[in-house]
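Per-entry structural report
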Amino acid sequence: MPRKSTVPGPRWSRTAGRALVLAAALGIGLAWASPAAAYRWQMDRSHSQVKFSVDHLGYSLVHGWFREFDAEIDLDPDAVEQATVNFSIRAESVDTNWEGRDRYLRGPDFLDAEAHPVISFVSTQVRLVSAEAADITGDLTINGITRTETLRAALNKYGPSALAGGEVVAGFTIIGEIDRTAYDVSFAAPHVGKDVEIRVDLEISPRP
């Protein structure tokens, strides 16, 4: 039975609500230090995905996703840009719909999932660029190597869901591009593209 949100209505105006959600937009496996007024946001696993695509010798794009990831989001509505975020993704859960390739991606030439089982992101800055977009900068760790990356989050919709008993739902899309060779994932580059497009689709709801 869906649980209705108890977040006070007046604090969640259309513009403010959008901005607040976007400040949390990069939550994919998140654990934050919670301010006193922070609300917990919970990911809807059935409507959230972490996906990527990479060029294959110029002939086509190979698409993939990670089947195992998590999210915890705490956000202080009065200090949106102070939000902090952690992502956590299981490297071994990579899936490109071709098991032979997936085994190779898990191996030492690519993600080396046995030695480095977790892909993580820890935000260092949230910068709102509009009421419906935010840039999230943070430390991304892949293959044991950490580098600073910035992703762009865009809010798709925010408000009560007709299919969730009126529970408040925020849906957003996060996109970015990383150079895989910077993480020592260099096999077959540049023939297989070194630039990897990232897309995260998320639905989250507040848990005060």
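In what follows, the structure referred to is the one given above.
The paragraphs below set out a description of the structure included in this document. (Residues numbered from 1 in each chain as written. Predicted model: local features only at pLDDT ≥ 70, side-chain atom pairs only at ≥ 80, totals over all residues. Heavy atoms only, no water.)

**Quick notes on the overall build of the chain**
Looking only at helices and strands, the chain has two helices and twelve strands in total. Tracing the chain from N to C terminus, the helices and strands come up as α-β-β-β-β-β-β-β-α-β-β-β-β-β. Buried positions account for 48% of the 208 residues belonging to the chain. Within the chain, contacts between residues separated by at least 24 positions form 64% of all contacts whose residues are at least 6 apart in sequence. Total accessible area on the chain is roughly 10500 Å²; 52% of this is exposed by carbon and sulfur atoms. (Helix = DSSP H or I, 4+ residues; strand = E, 2+ residues; numbered from the N terminus. Buried < 20%, exposed > 50% of the residue type's maximum accessible area, 1.4 Å probe, protein only. Contact = heavy atoms within 4.5 Å. Areas by Shrake-Rupley, 256 points an atom, 1.4 Å probe, with all protein chains shown as cover.)

**Considering the packing of aromatic side chains**
Each aromatic ring pair is specified by the distance between its two centres and by the angle formed by the two planes. On inspection of all chains with the given rule, the structure shows five aromatic pairs. On the basis of an interplanar angle of 75 degrees and a centroid distance of 5.4 Å, the ring pair of Y104 and F187 is categorised as edge-to-face. Here F187 lies in the loop between β11 (168–179) and β12 (195–207) and Y104 lies in helix α2 (residues 99–106), a separation of 83 residues in the sequence. (Phe/Tyr/Trp six-rings, centres within 6.5 Å; stacked < 30°, edge-to-face > 60°.)

**Considering the pairing of strand β2 (residues 49–56)**
By the bridge criterion, five bridges tie β2 to β12 in an arrangement that is antiparallel. Paired with S53 across the two strands is E197, which belongs to β12. The sheet contact formed by β2 and strand β3 (residues 60–66) spans seven bridges and is antiparallel. Following the sheet pairing, K51 is matched in β3 by W65. The antiparallel pairing of β2 with β3 creates a hairpin that spans three residues between the two strands, and L57 there sits at a positive phi of about 55 degrees. (Pairing = 2+ DSSP bridges.)

**As for the nonpolar core**
If you look at the biggest cluster of nonpolar residues, it comprises 45 residues, and the most contacted ones within it are F66 and I119. When near neighbours in sequence (up to four residues on either side) are disregarded, I119 contacts F66, F87, S88, I89, A91, L111, L140, T141 and I142. (Core = buried A, V, L, I, M, F, W, Y, C linked by side-chain atoms within 4.5 Å.)

**Some thoughts on the pattern of salt bridges**
As enumerated under the stated definition, the model contains eleven salt bridges in all. The shortest N-O distance in the salt bridge between R106 and E99 comes to 3.2 Å. Of the residues examined, E99 reaches a relative accessible area of 42% and is grouped as partly exposed. Salt-bridge contacts for E167 lead to R207; the nearest nitrogen and oxygen are separated by 2.7 Å. Of the two residues, E167 is situated in the loop between β10 (145–160) and β11 and R207 in strand β12; the sequence distance between them amounts to 40 residues. Looking at E167, the relative accessible area reads 8%, which means it is buried. Each of the salt bridges in this network shares a partner with another, and the network as a whole consists of K51, R199 and D201. (Salt bridge = Lys/Arg side-chain N within 4 Å of Asp/Glu carboxyl O.)

**Remarks on the pairing of β3**
Pairing of β3 with strand β7 (residues 94–95), which is carried by two bridges, proceeds in the antiparallel orientation. If you follow W65 over to β7, its bridge partner there is D95.

**Here's the deal with unusual backbone geometry**
The omega torsion across A189 and P190 is 5 degrees, close enough to zero to call that bond cis. Inspection of the secondary structure assignment puts P190 in the loop between β11 and β12. Unusually for a residue other than glycine, N97 sits at a positive phi of about 70 degrees. Within the secondary structure, N97 sits in the loop between β7 and α2. Positive phi is not limited to glycine here, since A188 has a value of about 70 degrees. Residue position: A188 is located in the loop between β11 and β12.

No statement about biological role is implied by the geometric values presented.
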